[in-house]
Amino acid sequence: MTPDALPPASRTSLRRRIDQIGIGLAGLCAVHCLATLVVISALGLGGHFFLFNENIHRFGLALALAIAAVAIGWGLLRHGRILPFAIALGGLALMAAALLIPHGANEFVLTLAGVALVSLGHLLNLRATAH
């Protein structure tokens, strides 16, 4: 079943729900980053444990890309406002750039900035589709 086959009310609530999931995922990513920093700082543990696994970062970025593509792309088609899309795209680019550098402060800053921008893109998309 395509999204257009759903009744208008169902399409709206599904699109809103996907944006909300995107915001929640961004929050989980931020918690992961902060938890990693705390564990490294407080416990002096190395980078081979679950929290630091590179595959988690790749999977998180892929999931963020998929959710943003559906929710924000769908919103763009509906409301035609480019700002939520552009902001989320910038955030996803920062998150991708963070994967290319070694673990550390720069990666942390890039990831958190990217997550914040993706969340902002989802929030703006929610507001744009509410009108």
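Scroll up to find the structure.
Definitions and limits used
Residues numbered from 1 in each chain as written. Predicted model: local features only at pLDDT ≥ 70, side-chain atom pairs only at ≥ 80, totals over all residues. Heavy atoms only, no water. Helix = DSSP H or I, 4+ residues; strand = E, 2+ residues; numbered from the N terminus. Buried < 20%, exposed > 50% of the residue type's maximum accessible area, 1.4 Å probe, protein only. Contact = heavy atoms within 4.5 Å. Areas by Shrake-Rupley, 256 points an atom, 1.4 Å probe, with all protein chains shown as cover. Polar contact = N/O pair within 3.5 Å; in protein donor to acceptor, adjacent residues only side chain to side chain.

Colleague: Before we move on, could you go through the overall build of the chain and cite the residues and values that matter?
Modeller: The helix and strand inventory of the chain stands at four helices and zero strands. In the chain, the succession of helices and strands from N to C terminus is α-α-α-α. Counting all 131 residues of the chain, 33% fall into the buried class. The contacts in the chain between residues at least 6 apart in sequence include a share of 72% that link residues at least 24 apart. Entry remark: accessible area of the chain is about 7,600 Å², with carbon and sulfur atoms responsible for 73%.

Colleague: Before we move on, can you summarise the environment of A71 with the specific residues and values?
Modeller: Mapping A71 onto the fold places it in helix 2 (residues 54–79). Taking the C-alpha atoms as reference points, A71 and I18, 53 residues apart in sequence, are found 5.6 Å from one another. Apart from residues lying up to four places away in sequence, A71 is in contact with R15, I18, D19, H122 and N125.

Colleague: Go over the side chain of H79 with me, naming the residues and quoting the values.
Modeller: You can see H79 is positioned in helix 2. Reaching out from H79, the side chain makes a polar contact with the side chain of N125 at a distance of 2.7 Å. In contact with H79, not counting residues within four places along its chain, are P84, N125, A128 and T129.

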